[in-house]
Amino acid sequence: MKPSMIRKLATLSERLDEIDRLMSSEGITNDMDNYRKLTREHAEITPIVEQYREFERAEADIKEAQNMLSDPDMKEFAQEEIEAGKTKLENVEKTLQTLLLPKDPNDEKNIFLEIRAGTGGDESGLFAGDLFRMYSRYAERQRWKVEVMSANEGEMGGYKEIIVKIEGYGAYSKLKFESGGHRVQRVPDTETQGRIHTSACTVAVLPEADEVTDVIINPADIRIDTYRASGAGGQHINKTDSAVRITHAPTGIVVECQEGRSQHANKAQAMQVLAARIKAKQVDEQQSKIASERKSLIGSGDRSERIRTYNYPQGRITDHRINLTLYKIDAITEGDMDELIGALSAEHQADLLASLGEDN
């Protein structure tokens, strides 16, 4: 193991001992915010320190066994112990490398999922509807809540644009690699000669911004317009100016929400989406600087970048970032995305490990 990693682990071990002392001290619960912070830090570093101590024990066992090699009666046993210790060291080191990977602070957050039809006319809108169905079914399997924030339906079905909020632990960690251009190749229902058409949609996955700490929106920077909602909605719809459009002057971001039953509800939802988009813009600007030095193996996350092709005649889905092709398009579009998402996460982790090796 690299000396820099050993030093980092030793520091974490000392910190865990310090937290243990602090948490057992009298009056620690008088400041509950600090107590919760310590509890969270304790939970985060305990698994790492436990593995480090396993590493130290394995090293000590190997050293003890090496001292027995000079004894003819113990030599064979000592060699077996050394080999077992080396195998254990190797396994523990791999675990430690994974545990030490930098964590995305947004991984546990809820998300806003935005799907927009692109090239392909009506077929693109239908594909947007298929993508919405795929993500909704996947969310159902995870027992996450899906709430439509805004929807602009296509004339032949599907959506020109749909924005949904997905609430559930780890939603961002699972779906963050979905941002980008999605392409479909299939024979549309309206095609009389059986020709395959290509259409496209863009997907954006934005972590929900923490209201207080993440984004500060100056009321003077926004303009709020109200208008009558359109589309299906029963007796309530179209009778009042319940739909809301918010324009953020500094960034030019415009958010519309009309799915809520009141102007107040739509305004609250639109502000949530606005905060998430501003946060995403800030993160994009930060990452663009990093990307110039090192591009992630799974792509830049640019929404214009083509990341995946759905080929219905061949029954396959290909993710171009990791050169993965799966011949299970029906299952995946019905929400069985675990294999696809798992492969993307594994590639991302491998890239982080490679970058960790370079840093050390």
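Quick notes on the rules
Residues numbered from 1 in each chain as written. Predicted model: local features only at pLDDT ≥ 70, side-chain atom pairs only at ≥ 80, totals over all residues. Heavy atoms only, no water. Helix = DSSP H or I, 4+ residues; strand = E, 2+ residues; numbered from the N terminus. Buried < 20%, exposed > 50% of the residue type's maximum accessible area, 1.4 Å probe, protein only. Contact = heavy atoms within 4.5 Å. Areas by Shrake-Rupley, 256 points an atom, 1.4 Å probe, with all protein chains shown as cover. Pairing = 2+ DSSP bridges. Axes fitted to C-alpha atoms, helices over the stretch in contact; angles between N-to-C directions. Parallel < 35°, antiparallel > 145°, perpendicular 65-115°, else oblique. Left-handed = near helix turned anticlockwise from the far one by under 90°. Nonpolar A, V, L, I, M, F, W, Y, C, P; charged D, E, K, R; others polar. Salt bridge = Lys/Arg side-chain N within 4 Å of Asp/Glu carboxyl O.

Chemist: Tell me about the overall build of the chain, and name the residues and values.
Modeler: Counting secondary structure elements, the chain contains eight helices and eleven strands. Out of the 360 residues belonging to the chain, those deemed buried represent 39%. Taking as baseline every contact in the chain between residues at least 6 positions apart, the subset at least 24 positions apart corresponds to 61%. Working note: accessible area of the chain is about 20,300 Å², and carbon and sulfur atoms make up 47% of it.

Chemist: Before we move on, can you summarise the pairing of strand β5 (residues 197–207) with the specific residues and values?
Modeler: Looking at chain direction, strand β1 (residues 111–117) and β5 are connected through seven bridges and run antiparallel. Following the sheet pairing, Ile115 is matched in β5 by Val203. For strand β4 (residues 180–186) and β5, the ladder comprises seven bridges, and the chain directions are antiparallel. Considered in β5, the bridge of His182 is made with Cys201.

Chemist: Can you break down the sheet that holds strand β8 (residues 253–257) residue by residue, with the values?
Modeler: Taken together, three strands build an open sheet; the order of strands is β6-β7-β8 and the sheet is antiparallel. Sheet topology places β6 (222–227) and β8 at the edges, where each strand pairs with a single neighbour. Each neighbouring strand pair of the sheet contributes to a mean axis angle of 15°, computed without reference to strand direction. In the sheet, β6 pairs with strand β7 (residues 243–248) via six bridges, with the strands oriented antiparallel. By the bridge assignment for β7, Thr226 is matched with Val244.

Chemist: Tell me about the packing of helix α1 (residues 3–23) against helix α2 (residues 32–67), and please be specific about residues and values.
Modeler: Between α1 and α2, the least distance of the axes is 8 Å, while the angle of their chain directions is 135°. When the interaxial angle is binned, α1 and α2 end up oblique. Between α1 and α2 the crossing geometry is left-handed. Across the interface between the two elements, Ile6, Leu9, Ala10, Leu12, Ser13, Arg15, Leu16, Asp17, Ile19, Asp20, Leu22 and Met23 from α1 touch Tyr35, Leu38, Thr39, Glu41, His42, Ile45, Thr46, Ile48, Val49, Tyr52, Arg53 and Phe55 from α2. Considering only residue class, the contact of α1 with α2 consists of 15 nonpolar, four polar and five charged.

Chemist: How would you summarise the pattern of salt bridges if you had to cite specific residues and measurements?
Modeler: Where charged atoms of side chains with opposite charge meet at close range, the side chains can pair. Taken as a whole and judged by the stated rule, the model has 24 salt bridges. Between Arg277 and Glu114 there is a salt bridge, with the nearest N and O atoms lying 2.7 Å from each other. One end of the pair, Arg277, is in helix α6 (residues 263–291); the other, Glu114, is in strand β1, and 163 residues separate them in sequence. Each member of the pair Arg277 and Glu114 is classed as buried. Each of Glu114, Arg116, Glu161 and Arg277 takes part in one network of salt bridges that share partners.

Any functional reading would require information beyond the geometric quantities listed.
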